[in-house]
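Commentary on secondary and tertiary structure
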Amino acid sequence: MSIEDIQNEIIDEFSMFDDWEERYQYMIDLGKDLPLINDQYKTDSNIIKGCQSKVWVHAEMKDDKIVFTADSDAIITKGIIAILIRSFSNQHPKDIINAETDFIDQIGLKEHLSPTRANGLVSMVKQLKMYAIAYQTQLS
Amino acid sequence: MFNVEDVRKDFPILSRQVNGKPLVYFDNAATSQTPQQVIDAIVDYYSNYNANIHRGVHTLSQEATDLYEQARHKIQTHFNAKFSHEIIYTSGTTHGINLVANGFSSLLKKGDDIMVSALEHHSNIVPWQMLCERTGANLKVIPMNEEGELVMSAYADLLSENTKLVFVNHISNALGTINPIEDIIKRAHNVGAAVLIDGAQSSPHIKPDVQKLDVDFYVASAHKMCGPTGVGMLYGKEEWLKKLPPYQGGGEMIAEVTFEKTTYADLPHKFEAGTPNIAGGIVFGAAIDYMNSIGFENIAAFENELLEYATDKLLEIEGLKIYGNSKHKTSVISFNLEGIHPYDVGTILDKLGIAVRTGHHCAQPIMDFYKIPGTIRASFAFYNTKDEIDALVAGVKKAKMMLS
């Protein structure tokens, strides 16, 4: 599935909810289901700066696609990462680089997109794209 | 007679909504809200008196200078300094600390000790670490115990004739502990050390008497006392302020300038280079007037009532732990829910219109002591209510339910 299709799927899922509480509850549940990063990758060098909670991201290449795994010590942050990873993982680096993140706004989590927000969603997106750029350079 | 509903009418912001809910503002330890009287003073200054001070012969400049110096006098009276020139306007507490730390660069030598407490804000740690790097002095730390109190016996052991300076906050911003500063000052003076007290967290709750305390330096910020941001004060004993070299060079702080030599102005102007925050200084005076019109005894009594009420209510929640349980504390409650990150709780509370602080509160050593990433901190002011505390308790319960 393309990144755009996945994002549309996420938008569909969130459109079922009427208020912030249901949206957040769903995000928290997604966070709980996030495939855990292998403990060996929970290193200081894999921590994304700019988050009040700790966020670790690991990336590896499998058949020209990047597979992301991640974890956080805060569950809402984990939910946000789960949404991002579902949209970006198992994709070609080029597609990740070009991907939009407007869908975050459309699922009612706009407040997390502000660069001054302490959760560092913006830093997370930047980090995922940085990995994509690095792997793309290797490929070309 | 103190009536919280009347007091709340002074604060326009308290009637706004956040995320569709009435604002519950419990981040007072970060900054206090501003009453209409103080907002009016800002408008009045810019509408009627705006001019540069201390140099114009014209009427406007004279009037602005008078107001600025009258405000300094108000600050002097409030903190009971002996002379008004012992009050130095700063941009805030951090500026005051840096000014003193910088001044001590020329007074310390290798092997001297300076002492900080384990309960400090980063702004009362980092400038002193920088001072140690410049001078070769050693930084000693007064330890804390599980209750969030300083271990005074350890303090006594650390003091020696090598100790030149002790700097401790009056009240911990992260835990609310009121430190026994009278004792700290007395013991430091016994070995000939000077003491700086960081009053950022105490000045909104307590009216300190710097002469009675016999403290050498006391720093505070206007924005924690219902005043504007970007202005604060440093009190220093005259003898110390004369001893310290100027911090920054520029206009206002000079007596005479030639390319060969510059002589410095007398106190307090020696430490006030450049055009100051004139409106801020004047309005700081208005904020002090406002707080005194409420009365510090009323403020302390009511805030203590809020603290006790909130502590009891919060502790009814299973798995909630409060950090900092000193018998002597102000209206700050730092807490966590077992197994839940403070950031998550803060996010849910925000959705409910409740403003609390989450994180390490610029006091990472305290978090390291408790081995936690941070806490949720609710800090109350005299314009908060028990109904708001009920809303907080309900919010924390909801957060717990959603996040568990």
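Criteria and cut-off values
- Residues numbered from 1 in each chain as written.
- Chains lettered and ligands numbered in written order.
- Predicted model: local features only at pLDDT ≥ 70, side-chain atom pairs only at ≥ 80, totals over all residues.
- Helix = DSSP H or I, 4+ residues; strand = E, 2+ residues; numbered from the N terminus.
- Rg over C-alpha atoms; globule rule 2.2 N^0.38 Å.
- Buried ≥ 20, exposed ≤ 12 C-beta atoms within 10 Å, placed from the backbone.
- Contact = placed C-beta atoms within 7 Å.
- Axes fitted to C-alpha atoms, helices over the stretch in contact; angles between N-to-C directions.
- Parallel < 35°, antiparallel > 145°, perpendicular 65-115°, else oblique.
- Left-handed = near helix turned anticlockwise from the far one by under 90°.
- Nonpolar A, V, L, I, M, F, W, Y, C, P; charged D, E, K, R; others polar.
- Pairing = 2+ DSSP bridges.
- pLDDT = per-residue confidence, 0-100.
- Expected span 1.5 Å × (residues − 1).

1. Thoughts on the overall build of chain A
In terms of regular secondary structure, chain A is built from six helices and two strands. At 14 Å, chain A has a C-alpha radius of gyration in line with the 14 Å of a compact globule built from 140 residues. Within chain A, the fraction of its 140 residues that count as buried is 36%. Within chain A, contacts between residues at least 6 apart in sequence are counted, and of these 65% link residues at least 24 apart.

2. Quick notes on the packing of helix α3 (residues 59–79) of chain B against helix α10 (residues 278–294) of chain B
Two measures define how a pair of helices packs: the angle their axes make with one another and the distance between the axes. Residue and element names in this part refer to chain B. Following both chains from N to C, one finds α3 and α10 inclined at 45°, their axes separated by 8 Å at the closest point. By the criterion of interaxial angle, the relationship of α3 to α10 is oblique. Pair α3 / α10 crosses with left-handed handedness. On α10, the residues that touch A64, L67, Y68, Q70, A71, K74, I75 and H78 of α3 are I278, G281, I282, F284, G285, I288 and D289. Split into classes, the residues belonging to the contact of α3 with α10 amount to nine nonpolar, four polar and two charged.

3. Details of the interface of chain A and chain B
In this assembly, eleven residues from chain A lie in contact with ten residues from chain B. Tallying contributions element by element places helix α2 (residues 20–33) of chain A first for the side of chain A that touches chain B, with four residues. Tallied by class, residues from the side of chain A that touches chain B come to six nonpolar, four polar and one charged.

4. Some thoughts on the sheet that holds strand β8 (residues 194–198) of chain B
Residue and element names in this part refer to chain B. A sheet is described by the order of its strands in space; here seven strands give the open sequence β4-β10-β9-β8-β7-β5-β6, paired in mixed fashion. Both outer strands of the open sheet, β4 (87–90) and β6 (138–142), are each paired with one neighbouring strand and no more. Direction aside, the axes of adjacent strands within the sheet are offset by 20° on average. As paired elements, β4 and strand β10 (residues 232–236) share four bridges and run antiparallel to each other. Note that in β10 the partner of I88 across the bridge is L234. The strands touched by helix α4 (residues 93–103) within the sheet are β4, β8, β9 (217–221) and β10, with β9 carrying the most contacts at an inclination of about 155°. Its contacts with the sheet put helix α7 (residues 181–190) on β7 (163–169) and β8, and the angle it makes with β7 is roughly 175°.

5. Digging into the packing of helix α12 (residues 342–351) of chain B against helix α14 (residues 386–403) of chain B
Residue and element names in this part refer to chain B. Their axes nearest at 9 Å, the elements α12 and α14 cross at an angle of 120°. As summarised for this structure, α12 and α14 are arranged oblique, according to the angle between their axes. In this structure, α12 crosses over α14, and the sense of that crossing is right-handed. Residues D344, V345, I348 and L349 of α12 lie in contact with α14, whose contacting residues are G395, V396, K398, A399, M402 and L403. Taken together, the residues that form the contact of α12 with α14 break down as seven nonpolar, one polar and two charged.

6. Focus on unusual backbone geometry
Cis geometry is found at the peptide bond from L267(B) to P268(B), where omega equals 0°. At D63(A), a position not held by glycine, the phi torsion is positive, near 50°. Structurally, D63(A) can be placed in the loop between β1 (55–62) and β2 (65–72). Notably, C362(B) is not glycine yet its phi reads approximately 55°, a positive angle. Locating C362(B) in the fold gives a position in the loop between β16 (357–359) and α13 (364–370).

7. Regarding the confidence of the model for chain B
Looking at chain B, the pLDDT average stands at 95 and 100% of residues meet or exceed 70. Here the predicted complex carries an ipTM of 0.88, next to a pTM of 0.92.

8. Looking at α10(B)
All names here are of chain B. Compared with the 24 Å implied by 1.5 Å per residue over 17 residues, the 25 Å span of α10 between its first and last C-alpha is a close match. Those residues of α10 that sit buried are I278, A279, G280, G281, I282, V283, F284, G285, A286, A287, I288 and M291. Buried positions along α10 lie against α2 (36–48), α3, β4 and α11 (296–315). Just downstream of α10 lies G295, where phi reads positive at about 100°.

9. Side note on the pairing of strand β17 (residues 375–379) of chain B
All names here are of chain B. In terms of burial, β17 is a largely internal element, five of the five residues being buried. Neither face of β17 is exposed, since T375, R377 and S379 on one face and I376 and A378 on the opposite face are all buried. Both β16 and β17 contribute to a ladder of three bridges, which runs antiparallel. Each bridged residue has a counterpart across the sheet, and for G359 the counterpart in β17 is T375.

10. Some points on the sheet that holds strand β14 (residues 332–337) of chain B
Residue and element names in this part refer to chain B. Pairing in this open sheet of four strands is antiparallel, and the strands run β13-β14-β17-β16 from one edge to the other. Taken across any chain shown, the strands that pair with only one partner, and hence form the sheet edges, are β13 (320–323) and β16. The average undirected angle you get between the axes of adjacent strands in this sheet is 30°. Where α12 meets the sheet, it contacts β14, β16 and β17, and its direction lies at approximately 155° from that of β16.

11. Looking at the environment of G251(B)
All names here are of chain B. Relative to the elements of secondary structure, G251 occurs in the loop between α9 (238–243) and β11 (254–257). Put simply, G251 and T59 are 192 residues apart on the chain and 21 Å apart in space, counted from C-alpha to C-alpha. Each residue touching G251, except ones within four places of it in the same chain, is listed here: A273 and G274.

12. A short note on the environment of K207(B)
Residue and element names in this part refer to chain B. Along the chain, K207 falls in the loop between β8 and α8 (210–213). Through-space distance from the C-alpha of K207 to that of N80 is 9.2 Å; in sequence the pair is 127 residues apart. If near-sequence neighbours (up to four positions away) are discounted, K207 is found in contact with H78 and F296.

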